[in-house]
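# Results of the structural survey
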Amino acid sequence: MEKPPVSAATHLESVSATAIVKEVLAVDESDAKVIQQTLDTSRQGGYTPITAEEKAQHRNLNRKLDLFLVPFCALIYLFNGLDRSNLGNAQTNGFTKDLGMPATAINTATSLFFATYVPLQPFSVSIGKKVGQTYWLGIIGLGWGVLTLGHAFVKTESQLIAVRLLIGVFESGFYPTVVTYMSRFYPRYDLAFRIALFYGSYAIAGAFGGIIAYGCFKIDGSLHGWQYLFIVEGTCSIGIALATPFWLAKSPGTAWFLTENERAYAENRMVIDATANLDSMKKLNRRDIIEGCKDWKLWFVLPFNILTSVPPQGFTIFFPLVVKGLGYSGPTANLMTVPPYVIGAIFLLCFAWSSDHFRNRLYHILVALCIVMIGLILTIALPLENTGGRYAGLVILLSGTFITSPLTAAWLAGNTPDPGKRTVVLGINGWGNLAGIIGSELFQAKYGPDYHKPLSVTLGLVAVSLFGYTAYRFALRFVNKWKAKKVAAMTTEEIEEENTNDVRYADRKYTFVYGL
């Protein structure tokens, strides 16, 4: 529900979470008017510090979380991105040629990776909620690290496919588990920028991967350059995975790097932000699963999330091949992928910060999609001989490519206040990675060197998603207006009863405002 925040005189670190929930859910005549107004205007609330002292606490806590949590999560995701995209780098060094495989083996293995990666996401993130997210991140990270290293020793296409299928199993729960984990520490309008910092490492993985590949391909040893690539990246992933359960805090209330007062404040501000069932903050129940699976707003936006994910999913793997098609050699093609990825990460951080600051998701997503479309149009329209122009088009394309997915995740997280249901929703939202199958089938060697057809299809998919996201925003606003009419006909006592009973769950309550 949306109402005035807990009294400014209240020191959050000195009050129990149960007492805060009771105060937030209570409704008087003034609160009822605020709820009505926020529903009418679709102005979503959430935790907002009031006094100068509380604002300073809020900034200091975020600074600590930004120092101890986000960089480590970003580091894991960096190597997750490297382990997923290194097939494209390896192919520029003759991976399939050295093993006597057809060039299409890369596309087949990539497509089948998503056969396990996509459907298992909701199950994997739910297991993480059950066993403990920090332990689960360490387990799955260790699994994909060992399998990445194993790529160096595959001999046949069947072995390659088997390894990619198993990597899909281990990687499936990573992204939604980390997003769910971070949503337990950051209020909804501090979250998008932190997801972007984390997700930006996936963009940087493309740049960093190009640098690592360039170095590995220059090694003059007894192994092929691509073998050194898999060994280096796999070994790093294993080391990071072993440290994960010891470094990442289990919850705001148990963070090893916070003082006792900071832990209490960190936990209580999240209670205010979500006004959630306290039990759901710690465990997953049957109702969470049922409500998450039938969440209308999730299924509305998911198809468009899939379409907008085609550029980042497809390009992360096949971008080195597209650049190579401009006439660059294998090592140089990997190096030339670095600037577009760095620029893409910078754009992502700027858009995410702005989205949190202005408390708006849709307009930022639409501008990002327009940037992607401009880049695609330039790359398609310019002839292959215009190397500089086409490369500039790819740079513009990558500038907007990575923005939509993390903003969509933050949008869904902010519109799903209950932590248990949020876990399920973000897990199913992970099916947006079905775009990886589309991308791997689109960017086949037979369409090179200009890749005109894959780029044209991608342009059409992005255009459709632009209209879809616009419709999604109008649907959320329509539901807010409908809820406002319901609340207008209720007494103060009925509104408070709506807040406290469990007839309607989480965001389905008439008093909850969907953010736009």
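Located above this text is the structure these notes cover.
Small disclaimer: the values here were computed from a predicted structure and weren't measured.

So, about a nonpolar patch on the surface. Together, I204, F208, I211, Y214, L335, V342, I346 and F347 line one region of the surface with nonpolar side chains, adding up to about 600 Å² of accessible area. For the nonpolar patch, the secondary-structure elements that each account for two or more residues are α11 (188-217) and α18 (338-358). Sort the elements by how many residues they give to the nonpolar patch and α11 lands first, with 4 residues. Residue position: L335 is located in helix α17 (residues 330-336).

What follows is about the packing of aromatic side chains. The tally for this structure, following the rule as stated, stands at 31 aromatic pairs. Seen from their ring centres, Y77 and F198 are 4.6 Å apart, and the 20° between their planes marks the pair as stacked. On the criterion of sequence distance, the pair formed by Y77 in helix α4 (residues 70-91) and F198 in helix α11 is long-range, its members being 121 residues apart. One exposure class covers both Y77 and F198, and it is buried. Judged by centre distance (4.8 Å) and plane angle (85°), the ring pair of F95 and W226 falls under edge-to-face.

Within helix α25 (residues 492-500), the full set of buried residues consists of T492, I495, E498 and N499. All buried residues of α25 project into a common sector of 120° when viewed along the axis, lining one side.

Compared with an ideal rise of 1.5 Å per residue, which puts 21 residues at 30 Å, α18 spans 31 Å between its outermost C-alpha atoms and is within 8% of the ideal. Regarding α18, the residues found buried are V338, P340, Y341, G344, A345, L348, F351, A352, S354, S355 and D356. In the stretch just after α18, R359 is the one whose phi turns positive, near 55°.

Now for the side chain of N433. Relative to the helices and strands, N433 resides in the loop between α22 (419-429) and α23 (435-442). What N433 contacts, discounting residues up to four positions off in sequence, is R84, F114, Y117, V118, Q121 and Q313.

Another aspect to go through is the packing of helix α2 (residues 29-41) against helix α24 (residues 452-488). The interhelical angle for the contact between α2 and α24, taken along N-to-C directions, is 155°, at an axis separation of 7 Å. In this view, α2 runs roughly antiparallel relative to α24, as classed from their interaxial angle. Note on packing geometry: the crossing formed by α2 with α24 is left-handed. Mapping the contact onto sequence places I35, Q36, L39, D40 and T41 in α2 and R477, N480, K481, K483, A484, V487 and A488 in α24. In terms of residue class, the contact of α2 with α24 is made up of 5 nonpolar, 3 polar and 4 charged.

A cluster of like negative charges, contributed by E29, E493, E494, E496 and E497, occupies part of the molecular surface. For the negative patch, the element with the highest residue contribution is α25, accounting for 4 residues. Residue placement: E497 occurs in helix α25.

What counts, and at which threshold
Residues numbered from 1 in each chain as written. Predicted model: local features only at pLDDT ≥ 70, side-chain atom pairs only at ≥ 80, totals over all residues. Heavy atoms only, no water. Patch = residues over 30% accessible without salt bridge, like charges linked within 9 Å, V, L, I, M, F, W, Y side chains within 5 Å. Areas by Shrake-Rupley, 256 points an atom, 1.4 Å probe, with all protein chains shown as cover. Salt bridge = Lys/Arg side-chain N within 4 Å of Asp/Glu carboxyl O. Helix = DSSP H or I, 4+ residues; strand = E, 2+ residues; numbered from the N terminus. Phe/Tyr/Trp six-rings, centres within 6.5 Å; stacked < 30°, edge-to-face > 60°. Buried < 20%, exposed > 50% of the residue type's maximum accessible area, 1.4 Å probe, protein only. Arc of directions from axis to C-beta. Expected span 1.5 Å × (residues − 1). Contact = heavy atoms within 4.5 Å. Axes fitted to C-alpha atoms, helices over the stretch in contact; angles between N-to-C directions. Parallel < 35°, antiparallel > 145°, perpendicular 65-115°, else oblique. Left-handed = near helix turned anticlockwise from the far one by under 90°. Nonpolar A, V, L, I, M, F, W, Y, C, P; charged D, E, K, R; others polar. Lys, Arg positive; Asp, Glu negative; His and termini not counted. Charge placed at Lys NZ, Arg CZ, Asp CG, Glu CD.

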